[in-house]
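Analysis of the macromolecular model
Here's the letter readout for the chains.
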Amino acid sequence: MSPKSPASPKNPTLTRRLTTAQALVAFLARQYTERDGRRQRLISATWGIFGHGNVAGIGQALVEAGHGGNGAAHRMPYLQGRNEQAMVHAAVGYARQSGRLSAQAVTTSIGPGATNLVTGAALATINRLPVLLLPGDTFATRPADPVLQQLEVPYAGDVSVNDCLRPVSRYFDRITRPEALIPAALQAMRVLADPAETGAVTLALPQDVQAEAYDWPEEFFAERDWHIRRPAPDAYELETAVRAIRSARRPLIVAGGGVRHSAAEETLAAFTAATRIPVASTQAGKGALRHDHPADVGGIGHTGTATADELARTADLVIGVGTRFSDFTTASGTLFADPAVRFLHLNITAFDAHKLAALPLVADARAGLEALTAALSGRGYRVDPAYETEYTGAKEAWEERVEASFATPDPTARPTQTQVLGLLDDLVTEEDILINAAGSLPGDLHKLWRTRSRDQYHVEYGYSCMGYEIPAAIGVLLAAGTGQRTRPVWALVGDGTYLMNPTEIVTAVQENLPLKLLILQNHGYASIGGLSESVGAERFGTAYRHRDPDGGFTGPPLPVDLAANAASLGLRVLRAATVDDLRKALSEARDAEGPTCVYVETETPDTVSGPPPAQAWWDVPVAETASRPAAVKAREEYDRQVAARRRHL
C-alpha cells in the first residue's frame, strides 16, 4: 500500500502497486462532492455480500481500507447486508436523505448476487438517485469456461449476467484490464455527481482482474472535488416563461422531486409569496411546502386531493418544477382539461422539460425559481385575489375530510388504515421521517398526510417497489443522525410488502439502529385487490387466505404471525389490538432507543374512517371482451374514462 518512491504526489512518475480492487477502494475513499460551499464524501461506505466473485478482490480490499490502511480520513466503512436488492435500497435511501450529495457503493459476487441488483438499480435510476454497483464478474482471462454461475451465451463470448444491468444503469463498464479502471472510475464519479444524469452506475469487475496487481499513478489517488452545478436558465427561455406566467389567469405549480434534490423549498416559498400561485405536489415533491403553508394544496393526480385536482382541471398554465409528469400525476392524460392549457416545465434535464409540449426552462430548480422571482418582482404579477380565495377555501374543505378519515370515535375498536395514519399524525413532529413505497399506503399518504418538514415524507413512487421500506429506512438512519439523538425514522409496510423483503431487520438489529417498523396486517394485497375489483378481475389472487373448494382463495386468513417473525429476527415487538393500544404502542416505539416494531391488524374501512376515493382516473386497461358481468361493467366504465384522454401537443 506504500508508494514505490518518496517523490511528491504531484510527480507523474510516482506509482503505487495495488490490486485493482485495492486501487478502486482507495480511489473511492478520496472522492468528494461540493455544492454551495458544502463538502462531503461522495462514497461514504460500501455495502457487501461476499462470494467467490468478490471475496478475494473487493472483500480483501475492504479489510485493508477499513483498518487504517488508507489512513483515518480515507477509510472505507463496510456495511453487511442480507439481500443484494435490499442493499441497493438502503444505499438509495441514504442518497435521498443526503440530498444526492453523498452515495454508497454495493458489492456482490457473480451470478444471483449480481442479478439481484437489477430491481434496486432500476429503482435508483427511475428516481434519479445515485448508487454505485460493483458486481463481480466471470474471469476476463477465461482460464476455465464456464465457471460456477456463469451464463453461457452461444452467440457472444463477452456477455455475462451483469449485462442485465445495462438498461437500468446511467453508466456501465466492465473492467477487463486493471488500467481500464482509471477512465471508468472517473466517468462513474462524473455520472454519480451529475444532477441531470445521476442514477445507478455499474462497474462490473471480473474476479481475476480484481485481484491482479498494477502500478497505479499516484495522481489517481489524489482527493477530487466534484462540483454539483446549479445551471441558470437561458435568457430567452426565462423571458418566454415570464410572459407565460404574466398572461396566466389560473396558474398551478406542480412540485416534483427536483425541488427537494435542489434544496429549493425556501425559494419555492418565496416565489409563491410573491405570486400567490398554488402549489400541488407529486409523491416525490410532497413536502416542497409544509402542509400548513397557504399555497400548498396537497398531492396531485390519481392519488391527489380534490383541491389540487380541481385546480388542475381548470388551470390555464401548469408550471412543473422538477417533475417528470408520470401517468399518476397527469391522471393518464385526463387531468389537465382546460382546452387552452399550456405547460411550462422548469427542469434540470431537457428531456423532462420538453414533456407535454411544454415551454422549457432548463435549469436547476432553485436557480430557475430565483430567476423567475427576480424577473417577475418588478412587473407586478400576482394571481387574482378571487382565485386565491377559491383555493384556500377548497383546501379548508379538504382538511375536514382528512379529519373525518383520521377520527377514532371508538378507542376500543380495531383501527382502519387511515386511523393508523391519524394516530401517527398526532404523534410526530417535524423531526420524524416516514418511509413507504407500495400498496394502498402511498395513496392514503399522498392524499392525507400533513407533511411538516422538507424531508419528512419519503415515499418511493417512481418504481413503487415492495420491499423498499425497511432497507431504505436503514439508509436514512445512517444519513439522518444528528449528534446524540437520531431522528425518528418510520418504515410503514403492509403484510404483502413485509413478506417481500424483511431481511434487513437483521441489519438494523446488528447495527442497533432505532428503526421504527410499523406493520399493518390486512391479509393480502389491499391496493391491488381494489384495483382488481375496479377492472373486473374480482380481486382474484390478491388475498392471503386458504384455498376454497372451487380453487379460489376465499377461505380463512392464513395463520401467519408476522409479529412473531419480526421478533425472531431480533426486533422488540409491540402488538396493538385496538385504537388505544396502538396510540400507546406508537408513542413507546417513538421513544425507543433500539429497533422496534409495532404490529396492528387493521379493519376494513367504512364510510366514516376510510380514505376519500380517487379524485382522478388512472389508466389500467380492461379486457375488451369478457363473459363475466364484472369485467363487462368495468369495460364500460373504462371506455367512458378513456374518452377524456388528450395528447398535449
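Residues numbered from 1 in each chain as written. Predicted model: local features only at pLDDT ≥ 70, side-chain atom pairs only at ≥ 80, totals over all residues. Heavy atoms only, no water.

Our focus in this paragraph is the overall build of the chain. Regarding its fold elements, the chain presents 24 helices and 25 strands. In terms of overall dimensions, the chain is globule-like: its C-alpha atoms have a radius of gyration of 26 Å, near the 26 Å expected for 649 residues. Taken over the C-alpha atoms alone, the chain extends approximately 75 × 70 × 55 Å along its principal axes. Accessible area of the chain: about 25,700 Å², with a carbon and sulfur share of 53%. Computed over 63 positive and 73 negative side-chain charges, the inter-centroid distance for the chain is 4 Å. (Helix = DSSP H or I, 4+ residues; strand = E, 2+ residues; numbered from the N terminus. Rg over C-alpha atoms; globule rule 2.2 N^0.38 Å. Areas by Shrake-Rupley, 256 points an atom, 1.4 Å probe, with all protein chains shown as cover. Lys, Arg positive; Asp, Glu negative; His and termini not counted. Charge placed at Lys NZ, Arg CZ, Asp CG, Glu CD.)

We now examine unusual backbone geometry. Backbone geometry follows two general trends: most residues other than glycine have a negative phi, and most peptide bonds adopt the trans configuration. Note that the residue after D145, namely P146, is joined by a cis bond; omega there is 10°. Here P146 is to be found in the loop between β7 (131-137) and β8 (171-174). Not every positive phi belongs to a glycine, and A357 is a case in point at roughly 55°. According to the relative accessible area criterion, A357 is partly exposed, its value standing at 48%. (Buried < 20%, exposed > 50% of the residue type's maximum accessible area, 1.4 Å probe, protein only.)

Once that is clear, we can look at helix α3 (residues 84-97). An α-helix turns once every 3.6 residues. As a result, residues three or four positions apart point the same way. Compared with an ideal rise of 1.5 Å per residue, which puts 14 residues at 20 Å, α3 spans 20 Å between its outermost C-alpha atoms and is within 8% of the ideal. Burial of α3 is extensive: 14 of the 14 residues sit out of reach of the surface. Here α3 starts with a cap whose side-chain oxygen sits 2.9 Å from the backbone nitrogen of Q85, and that cap is N83. Backbone geometry just after α3 places G99 at a positive phi near 70°. (Expected span 1.5 Å × (residues − 1). Polar contact = N/O pair within 3.5 Å; in protein donor to acceptor, adjacent residues only side chain to side chain.)

This part takes up the sheet that holds strand β3 (residues 38-41). Taken in spatial order, the 3 strands make up an open sheet running β3-β2-β11, and their pairing is mixed. Each edge of the open sheet carries a strand with a single partner, namely β3 and β11 (224-227). Going from strand to strand, the sheet's axes swing by 30° on average, the running direction of each strand aside. Sheet topology places strand β2 (residues 31-35) next to β11; 4 bridges connect them, and they run parallel. Within β11, the position partnered with T33 by the bridge is W226. (Pairing = 2+ DSSP bridges. Axes fitted to C-alpha atoms, helices over the stretch in contact; angles between N-to-C directions.)

One can find G524 in the loop between β23 (515-521) and α21 (526-534). For the pair G524 and P557, spaced 33 residues apart in sequence, the C-alpha separation works out to 9.1 Å. G524 has contacts with D495, G496, T542, A543 and Y544, leaving out every residue within four places of it along the chain. (Contact = heavy atoms within 4.5 Å.)

Our next topic: the nonpolar core. Counting residues in hydrophobic clusters, the biggest one holds 52 residues, and the most contacted among them are I245, L268, I300 and F336. Per-element tally for this core: the top contributor is helix α14 (residues 365-377), with 6 residues. Not counting chain neighbours up to four residues away, the residues in contact with L268 comprise I253, A255, V259, V279, A288, L289 and L369. Formed by 51 residues, the second largest nonpolar core is a distinct cluster that contains V106, L129, A508 and A563. (Core = buried A, V, L, I, M, F, W, Y, C linked by side-chain atoms within 4.5 Å.)

Distances and angles like these do not, on their own, reveal function.
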